[in-house]
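Coordinate inspection notes
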Amino acid sequence: MNLYELKGLKQVFDGRTVLDIDHLVLFPGIGHALLGPNGCGKTTLLHILAFLTPPASGQVFYKGHPVDWRRKNLTSLRRQVVLVDQHPIMFTTSVINNVEYGPRMRGIQAGQRRKFALECLDRVGMMDFAQRPAHLLSGGETQRVAIARALACDPQVLLFDEPTASVDVENQAVIESVIKEIRDEKGISIIFSTHKRLEAARLGENKIFMFEGKLTGPGGENLLSGNVIRRQDQTVCRIGEKIELNIGSENPGGYCRVFVKPEAIRMYSLEHAGKMPANNLVSGTVLQMTAEGEHIKVLLDVGVPLRTILTRKEAVESGIFVGDEVMVGFKPGAAQTEV
């Protein structure tokens with residue numbers, strides 16, 4: 001049986017569609033990673049999956065049954081699914097009282113809920129903090145207590161919104177380890193959003209890529225939106241303020257969505273850019289360089305985020321480093337119309 005199935009799901013805020021998912025199936029007992037840039041709809045989707053916010057339209061099925069969004073029908077679902085926010089809020093009381101809150105609301109007897117709360121704190125390595133004021137914890141400590149508080153609710157599904165985004169390296173490792181243990185040892189289904197592809201690989205068997213509220217194909221990168229402009233004998237997609245990419249003469253015009261091939265994007269230092277045709281280049285900044293096997297993946301800011309890929313030799317010979325201003329060019333055929 002599917003854990004979730006979404007059909008024709010849309011969410012609209014202030015007249016703007018922020019989520020538009022035609023069909024998505026999530027299976028139980030594994031980790032699902034939601035990947036995509038800020039504003040792509042990951043948090044909005046998590047709130048729907050947590051039964052906190054109904055969609056504007058479409059259907060959500062949970063364990064094979066359609067979700068009835070009337071308030072009286074949501075309590076039993078919310079007891080099965082718990083969301084841990086990116087910035088959890090602690091009550092101004094002790095850590096142990098925070099962790100006991102969920103069981104207390106469920107009518108669990110004091111002795112039993114105290115025992116279970118301590119076990120949950122022990123699982124996240126926070127047993128020694130039980131009597132400390134929860135609102136005075138560090139960011140990483142707060143996140144770990146929030147996980148213990150969620151576990152104390154004995155959920156079947158745990159949702160995490162950027163679980164390691166705002167914590168230090170030491171706490172990142174602990175939190176990832178805890179999430180992996182929860183998934184593997186307790187069989188709890190995990191759904192989490194992240195910007196970190198390596199974290200997604202470590203914790204998520206299923207990776208779901210999102211862009212502008214829609215699902216994208218594997219990789220989920222370099223999928224951009226723009227407007228079609230006709231220029232004499234060619235048609236281009238204008239993206240942002242700088243980029244115009246040829247998309248062929250068959251496009252009907254209006255809105256366009258294109259995938260820009262990473263291998264067709266070239267970057268040049270300001271010194272070498274002077275030797276290239278100026279009309280083929282746009283200015284940008286190197287935000288990130290990541291080693292992946294025999295290649296170096298480079299994240300560029302050219303008004304929109306773009307990734308290119310270099311061999312290690314090309315990366316060394318370029319003399320380009322993170323933070324450098326560069327010029328960026330596109331090979332013929334770099335853009336492929338997505339829709």
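Above this text is the structure in question.
Rules of the game
Residues numbered from 1 in each chain as written. Predicted model: local features only at pLDDT ≥ 70, side-chain atom pairs only at ≥ 80, totals over all residues. Heavy atoms only, no water. Helix = DSSP H or I, 4+ residues; strand = E, 2+ residues; numbered from the N terminus. Expected span 1.5 Å × (residues − 1). Buried < 20%, exposed > 50% of the residue type's maximum accessible area, 1.4 Å probe, protein only. Arc of directions from axis to C-beta. Contact = heavy atoms within 4.5 Å. Axes fitted to C-alpha atoms, helices over the stretch in contact; angles between N-to-C directions. Parallel < 35°, antiparallel > 145°, perpendicular 65-115°, else oblique. Left-handed = near helix turned anticlockwise from the far one by under 90°. Nonpolar A, V, L, I, M, F, W, Y, C, P; charged D, E, K, R; others polar.

1. As for helix H4 (residues 110-123)
Side chains that are three or four residues apart share a direction in an α-helix, a result of its 3.6 residues per turn. Here H4 contains 14 residues, and its C-alpha end-to-end distance of 20 Å stays within 8% of the 20 Å for a straight helix at 1.5 Å per residue. For H4, the full list of buried residues reads Arg113, Ala117, Cys120 and Leu121. Buried residues in H4, looked at end-on, bunch into an arc of 100 degrees, giving them a common side. Pointing more than 90 degrees away from the buried face of H4 are the exposed residues Gly111, Gln112 and Lys115.

2. Examining the environment of Ile21
Assignment of secondary structure puts Ile21 in strand E2 (residues 16-26). Using a relative accessible area of 0% as the deciding quantity, one classes Ile21 as buried. Taking the C-alpha atoms as reference points, Ile21 and Leu215, 194 residues apart in sequence, are found 6.5 Å from one another. Setting aside its immediate chain neighbours within four residues, Ile21 contacts Leu6, Lys7, Gly8, Leu9, Leu45, Gly213 and Leu215.

3. Digging into the packing of H4 against helix H5 (residues 139-151)
Orientation of H4 relative to H5, taken along the N-to-C sense of each, is 140 degrees, at an axis distance of 8 Å. Judged by the angle between their axes, H4 and H5 are oblique. Helix-helix and strand crossings are classified by hand; for H4 and H5 the assignment is right-handed. From H4, Phe116, Cys120, Leu121 and Arg123 reach across to H5, where they touch Val145, Ala148 and Leu151. Along the lines of polarity and charge, the residues of the contact of H4 with H5 split into 6 nonpolar, no polar and 1 charged.

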